[in-house]
Amino acid sequence: MEAELKVIRIMHVSMAPATGVACMIRTLAEEQVKRGCDVMLCVALRRRDPVPMWLQQFKNAIIRTPRIFGTGALLYLAALEKTFFGGFRRNLKRFQPTVIHFHDPSLAGALLAERNMPGVRIVVTYHGLASSINLRHQPLRCALHKRWMRRAESLADALATVDPGTPKLAETIFGTNAGWFVYVPNGVQGPDKLAFRRRAPGDPFSVGHVGTVDRNKGWWMVGEAVEAARAQGVDVRYVIAGRGPEGKMAAQWAQERKDHVEYLEWVDDVQGKVLNRLDAFILASAQEGMPMAVLEAMAAGLPVIATGVGGIPTAVRHGTEGLIVSRDRVAITDAIMKLAGRPDLSREMARNARARWESTFSAQHMQANYDDLYSGTGCLSRCGSLG
């Protein structure tokens, strides 16, 4: 899409963005700055939490909350906005955005008591709702989030989703109208030119995990699959890159297997220091929206082995860009052994993955899609856009 961008002042608003959400906001803001937009990032962080380095590269406004999480922090911000202490309101007056882009629907509903900003378009992006499923068993919290999300729905000019499954889930849990959503795929930067990796005969088959190191992302399950493949005679190496609640566990596990496992913790250049060393990327998540790490792997020309959760099957088509597997050690082991034993198939999937990224999941495509939502043209087809 080459539509002229009409808006010039964009305020992105988020609640302590991390990992994939932070990557998406950063990538989109960078593309918008390249287009000559004036961009501000308004982010709520807990008191004494450091301001992330990536956030400091943009014009930013930090709203501090007490050292509480989730619903409690939202209640605090909602109460603050009703007084002259409201940091969001102060930054609106200072920046005077043409577009306010929320990256948390509950935050949008908590901050927007009413629609009193003529000439300002409001866009709300849902970055997946898998973590909200448990709210169904917490009536009070669920009622609060339902109120905020319904308010956001009523005040927004457009609702975007990064994966096709979220609208129906939002309708089931919170009563929002699934037909109001527009599917806007996440996008990532990638190398302009790519020399596809060719594994020499006798070289190990290298796989990797990039992202949060926790139970949900399944780094440990990939590790079990790597060990099982090695037990069957396949020389597999495993690289783990990321931080998280199980980081120390991953570091110790890797140290015990340092001849074929490497733990890198945080990596500032994923493409240069991790992805270009791999033959395949693996993500064994239990829940997802649209993981940026999968898209980065596709941009790097890697076949992907992943569980079929969230928006992953929308990006990775089974047998084309990679292999969609069930979340168990045997299935992941079989997928590793299949790609390790079929270099021709692995190379074909690598080329397909790169082509898929270029056609649908690049940063430029994401920015162009949001241009349409900001200008209003993207709203015209939203009811049928998920079919």
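Just so it is clear, the model here is predicted, and its values are computed rather than measured. (Residues numbered from 1 in each chain as written. Predicted model: local features only at pLDDT ≥ 70, side-chain atom pairs only at ≥ 80, totals over all residues. Heavy atoms only, no water.)

A. Here's a closer look at the nonpolar core. In this structure, Leu 41, Phe 281, Met 298 and Tyr 370 are the most contacted members of the largest nonpolar core, which totals 56 residues. It is helix H11 (residues 292-299) that contributes the most residues to this core, seven residues altogether. Apart from the residues lying within four places of it in its own chain, the contact partners of Phe 281 are Gly 208, His 209, Val 210, Leu 275, Ala 293, Val 294, Ala 297, Leu 302, Pro 303, Val 304 and Ile 305. Among the nonpolar cores identified, the runner-up in size contains 40 residues, and Leu 107, Ala 108, Tyr 126 and Leu 135 belong to it. (Core = buried A, V, L, I, M, F, W, Y, C linked by side-chain atoms within 4.5 Å. Buried < 20%, exposed > 50% of the residue type's maximum accessible area, 1.4 Å probe, protein only. Helix = DSSP H or I, 4+ residues; strand = E, 2+ residues; numbered from the N terminus. Contact = heavy atoms within 4.5 Å.)

B. Region of the structure containing the sheet that holds strand E11 (residues 280-283). In space, the six strands of this open sheet follow the order E10-E9-E8-E11-E12-E13, with parallel pairing throughout. Taken across any chain shown, the strands that pair with only one partner, and hence form the sheet edges, are strand E10 (261-265) and strand E13 (322-325). In this sheet, neighbouring strand axes are inclined to one another by 20 degrees on average, regardless of whether the strands run parallel or antiparallel. Inspection of the sheet shows strand E12 (residues 304-307) paired to E13 by four bridges, in the parallel sense. Across the sheet, Ala 306 pairs through a bridge with Ile 324, a residue of E13. Along the sheet face, helix H8 (residues 219-231) touches strand E8 (205-210), strand E9 (236-241) and E11 and points at about 165 degrees away from the line of E9. (Pairing = 2+ DSSP bridges. Axes fitted to C-alpha atoms, helices over the stretch in contact; angles between N-to-C directions.)

C. The environment of Val 234, seen in detail. Along the chain, Val 234 falls in the loop between H8 and E9. Taking the relative accessible area as the measure of exposure, Val 234 reaches 18% and is therefore buried. The spacing of Val 234 and Pro 204 is 30 residues in sequence and 8.1 Å in space, taken between C-alpha atoms. Once residues within four sequence positions are removed from consideration, Val 234 is found in contact with Ala 229, Met 337 and Ala 340.

D. Spotlight on the packing of helix H3 (residues 70-81) against helix H6 (residues 139-155). At their nearest, the axes of H3 and H6 sit 11 Å apart, and the two run at 50 degrees to each other. For the element pair H3 / H6, the angle class is oblique. The element H3 and its partner H6 pack so that their crossing is left-handed. Across the interface between the two elements, Thr 71, Leu 74 and Leu 75 from H3 touch Arg 141, Leu 144, His 145 and Trp 148 from H6. For the contact of H3 with H6, a count of residues per class yields four nonpolar, two polar and one charged. (Parallel < 35°, antiparallel > 145°, perpendicular 65-115°, else oblique. Left-handed = near helix turned anticlockwise from the far one by under 90°. Nonpolar A, V, L, I, M, F, W, Y, C, P; charged D, E, K, R; others polar.)

E. Highlighting the state of the cysteines. One pass over the full model with this rule turns up zero disulfides. Its sulfur unpaired, Cys 42 is 18 Å from the next cysteine sulfur, which belongs to Cys 37. A residue is classified by how much of its surface remains accessible, and Cys 42, at 1% relative accessible area, is buried. (Disulfide = S-S within 2.5 Å.)

F. Quick peek at the side chain of His 103. Looking at where His 103 falls in the secondary structure, it is placed in the loop between strand E4 (99-102) and helix H5 (105-111). Residue His 103 is classed as buried on the basis of its relative accessible area of 5%. Within polar-contact distance, the side chain of His 103 engages the side chain of His 127 at 3.1 Å. Beyond its immediate chain neighbours, meaning those up to four positions away, His 103 contacts His 12, Val 13, Ser 14, Met 24, Ile 25, Thr 125 and His 127. (Polar contact = N/O pair within 3.5 Å; in protein donor to acceptor, adjacent residues only side chain to side chain.)

G. Here's a closer look at the confidence of the model for the protein. Averaged over all residues, the pLDDT of the protein equals 89, while 93% of them reach at least 70. A low-confidence stretch, residues 379-387 stays under pLDDT 50, and its non-local contacts, those more than four residues away or across chains, total 21 contacts. (pLDDT = per-residue confidence, 0-100.)

H. Just the sheet that holds strand E5 (residues 121-126), in detail. Reading across from one edge, E3-E2-E1-E4-E5-E6-E7 is the order of the seven strands in this open sheet, with parallel pairing throughout. Sheet topology places strand E3 (59-65) and strand E7 (181-183) at the edges, where each strand pairs with a single neighbour. Between one strand axis and the next, the sheet turns through 25 degrees on average, direction left out of account. Across four bridges, the pairing between E4 and E5 is parallel. Across the sheet, Ile 100 pairs through a bridge with Ile 122, a residue of E5. H3 rests against strand E1 (9-15), strand E2 (38-46) and E3 of the sheet, and its axis sits at about 105 degrees to E3.

I. Region of the structure containing empty space enclosed by the protein. For the coordinates displayed, the defined rule picks out one cavity of 30 Å³ or more. Of the volumes computed, that of the largest cavity is approximately 160 Å³. Taken together, 15 residues make up the lining of the largest cavity; nearest its centre are Arg 197, Arg 199, Asp 279, Ser 346 and Arg 347. In terms of residue count, the dominant contributor to the lining of the largest cavity is helix H14 (residues 343-361) (four residues). Considering only residue class, the lining of the largest cavity consists of eight nonpolar, two polar and five charged. (1 Å grid on protein atoms, 1.4 Å probe; cavity = no way out; pocket = protein on both sides within 12 Å on 5 of 7 lines; lining within 4 Å. Points joined across faces, edges and corners; volume = space filled by probe spheres on them.)

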